[in-house]
Amino acid sequence: MTTGTETVSVKDNSSLSIVNDIPIDQQIENLIRAHNDLKITNNGNLKLRINPGPDPEGLKILSKSTRERLEADNIDLSVGYPETPPRAEIPVYLDQAYAIRAEDAPYIERAKNADPEKKALLGAAKEVIHLTKNVGTEIVGLQLADLTDQQKDELALLVAERVVVFFRDQKLLPSEQLELGKYLGNIEYHPQTTHVTGLPGNSVIWNDYFALKGVNINYENNNLGNWDSLRYPARGTQVWHTDLVHEHQPAGYTHLHIDSVPTTGDDTLWASGYGAYDKLSDEFKKFLDGKKAVYVSAHAYLDREDPLGGPKRIERVHPLVRTHPATGWKSLFINRAMTRRIIGVSPVESDLILNYLFDIYEKNADIQVRFKWSPTKEGYGTSAIWDNRISQHRSVWDNEGAESRHGTRVTSLAEVPFFDPESKSQREALGKPIHQWE
Ligand SMILES: [Fe+2]
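On a predicted model such as this, the values are computed, not experimentally measured, just so you know.

## Description of the overall build of the protein chain
Next up, step 1: Helix and strand counts for the protein chain come out as 11 helices and 21 strands.
Next up, step 2: Here the C-alpha radius of gyration of the protein chain, 23 Å, is about what a compact globule of 438 residues would show, namely 22 Å.
Next up, step 3: Referenced to the eigenvectors of the C-alpha coordinate spread, the extents of the protein chain come out at roughly 80 × 55 × 45 Å.
Next up, step 4: Sequence-distant contacts, at least 24 apart, represent 79% of the contacts inside the protein chain between residues at least 6 apart.

Right, dumping it as structure tokens:
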């Protein structure tokens, strides 16, 4: 017998090699990397049967409009679509996940360079429609692919003020979308999620594909995560959330381009963090200003010191109230899916306060916008660009897969979140009345 090796019978037809001179964490990592069926997160509803690499099966449900957009960008569909990163690159242990983007990355806030009146952008638009008083603006008559740098800076500022900005009737290649994202920040290359074949950094948002690959999503269960997404994991992105809050430098601008749009249904909602903060009394604002909270990752990993102890999430500490670097306004930086606890108060107090704060975002319609993606021109897509630093969003899965919905998403990571005690709330900065409670 080879030194340190013995074979343990697991089932009649399989065996597991135990190599005593290889550390157990290394053996577990090797096992996970070598067996596609081994999942770190044991989630009964997310039994994804996705193999690394481009997937020929995805091509079977690709819509005409999406296919044409991908082909116009010379995406090699002969190998399959979409593409899942190789298993060798997926972090198994927490320390591997923490090591991704652990260092400070330089970030240029483009909105800071913008003309506050945004004349180059708004002057060139055919129409500028504010969809609600406080949140969401639609720009008509401009192509994102043709914007000058000056217009991009002004767009960044407009998004920072209005939370989310929409552009319909866009001819926008996935590679052009990625280039715009690079201008707006540091591209988030996701080590786990599917991306456009051959184009890491441009993620695929495609519930039809995940349903095809085994995700149990139906009309009854697709909203359960809105009560507690850790206990009732979300299918797709239906829960109110903010993208990538567990990063050292979390997401700034996210750009979702939907190129296959149902005639009705599958809307997306956004809510303003400026507006949420301004719903609080001055006394409560004072209490929360300067507090910090723990934010967790959507994906889970193993603890190298306790590899059999079950999946754990990345935890990162950020300010609960953060200041936007361009507008200088304060925003409530929390979301039900990923903000776990407030530092410095008891767990019971933290739960009570956080649940109240989550409700403020989720229940106040005057700080929200609901966007209907509906197609207007054959072969054209619709874009939404939002600022994750000052918002939450969620999608609605009411079309239930009856019509194809496919999008590509590029996220630009921004600064290390900070709180400036001298900064103001949006209402305060704009000179709007602030209610005083007697
Ligand atoms: Fe999201």
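Picking up after the structure, the text goes on.
## Some words on the sheet that holds strand 18 (residues 368–371)
Next up, step 1: With antiparallel pairing, the three strands of this open sheet are ordered in space as 18-12-20. Whereas interior strands pair on both sides, the edge strands pair on one side only; in this sheet they are strand 18 and strand 20 (391–395). This sheet shows a mean twist of 15° between the axes of neighbouring strands, independent of strand direction.
Next up, step 2: For strand 12 (residues 268–272) and strand 20, the ladder comprises five bridges, and the chain directions are antiparallel. Note on strand 20: the bridge partner recorded for Leu-269 is Arg-394.

## Some remarks on the pairing of strand 21 (residues 406–413)
Next up, step 1: The buried count for strand 21 comes to eight of eight residues, which makes it a mostly enclosed element.
Next up, step 2: As paired strands, strand 8 (residues 186–187) and strand 21 are joined by two bridges and run antiparallel to one another. Among the inter-strand pairings, Ile-187 is bridged to a residue of strand 21, identified as Ser-412.

## Examining the nonpolar core
Next up, step 1: Ala-156, Val-159, Val-164, Val-165 and Ile-334 are the most contacted members of the largest nonpolar core, which totals 76 residues.
Next up, step 2: Not counting chain neighbours up to four residues away, the residues in contact with Val-164 comprise Val-135, Gly-136, Val-159, Trp-270, Val-369, Ala-384, Trp-386 and Ser-391.
Next up, step 3: Val-92, Tyr-93, Leu-94 and Ala-97 belong to the second-largest nonpolar core, a separate cluster that totals six residues.

## Some thoughts on the domain arrangement of the protein chain
Next up, step 1: One can read the domain layout of the protein chain as domain 1 (1–38) and domain 2 (49–430).
Next up, step 2: Centre-to-centre, using C-alpha coordinates, domain 1 lies 39 Å away from domain 2.
Next up, step 3: Contacts between the two partners involve seven residues from domain 1, matched on the other side by seven residues from domain 2.

## Description of helix 6 (residues 174–184)
Next up, step 1: Those residues of helix 6 that sit buried are Pro-174, Gln-177, Leu-178, Leu-180, Gly-181 and Leu-184. Mapping the buried residues of helix 6 onto a view down its axis gives an arc of 160°, with all of them on the same face.

## A look at the confidence of the model for the protein chain
Next up, step 1: Confidence in the prediction for the protein chain averages 90 pLDDT; 93% of positions are at 70 or higher.
Next up, step 2: Confidence over residues 1–14 falls short of pLDDT 50; this stretch has 14 contacts with residues more than four positions distant or in other chains.

## Regarding the environment of Phe-371
Next up, step 1: One can find Phe-371 in strand 18.
Next up, step 2: Note: C-alpha distance between Phe-371 and Trp-270 (101 residues apart in sequence) is 8.3 Å.
Next up, step 3: In this structure Phe-371 touches Gly-136, Phe-166, Asp-267, Thr-268 and Ala-384, once residues within four positions along its chain are discounted.

## Describing the sheet that holds strand 14 (residues 312–319)
Next up, step 1: Spatially, 14-13-17 is the arrangement adopted by the three strands of the open sheet, whose pairing is antiparallel. Two strands lie at the open edges of the sheet, namely strand 14 and strand 17 (339–342), each paired on one side alone. Between one strand axis and the next, the sheet turns by 30° as a mean value, whatever way the strands run.
Next up, step 2: Alignment of strand 13 (residues 292–301) against strand 17, held across three bridges, turns out to be antiparallel. Of the residues in strand 17, the one forming a bridge with Ala-293 is Ile-342.

## A short note on unusual backbone geometry
Next up, step 1: Between Tyr-81 and the following residue, Pro-82, the backbone shows a cis peptide bond with an omega angle of -10°.
Next up, step 2: Here Pro-82 is to be found in the loop between helix 2 (64–72) and strand 4 (83–84).
Next up, step 3: The phi torsion at Leu-244 lies on the positive side, around 55°, for a residue other than glycine.
Next up, step 4: When you line up the elements, Leu-244 lands in the loop between helix 7 (207–212) and strand 11 (251–260).
Next up, step 5: Phi is positive for Glu-400, close to 55°, though the residue is something other than glycine.
Next up, step 6: As for its position among the elements, Glu-400 is in the loop between strand 20 and strand 21.

## Re the environment of Asp-153
Next up, step 1: Its place among the elements puts Asp-153 in helix 5 (residues 149–162).
Next up, step 2: In this structure Asp-153 comes out as buried when scored by C-beta crowding, with 25 C-beta atoms within 10 Å.
Next up, step 3: Not counting the four nearest positions on each side in its chain, Asp-153 is found in contact with Arg-110, Ala-111, Asn-113 and Ala-114.

Conventions and cut-offs
Residues numbered from 1 in each chain as written. Predicted model: local features only at pLDDT ≥ 70, side-chain atom pairs only at ≥ 80, totals over all residues. Helix = DSSP H or I, 4+ residues; strand = E, 2+ residues; numbered from the N terminus. Rg over C-alpha atoms; globule rule 2.2 N^0.38 Å. Contact = placed C-beta atoms within 7 Å. Pairing = 2+ DSSP bridges. Axes fitted to C-alpha atoms, helices over the stretch in contact; angles between N-to-C directions. Buried ≥ 20, exposed ≤ 12 C-beta atoms within 10 Å, placed from the backbone. Core = buried A, V, L, I, M, F, W, Y, C linked by C-beta atoms within 7 Å. Domains from an automatic or database assignment. Arc of directions from axis to C-beta. pLDDT = per-residue confidence, 0-100.

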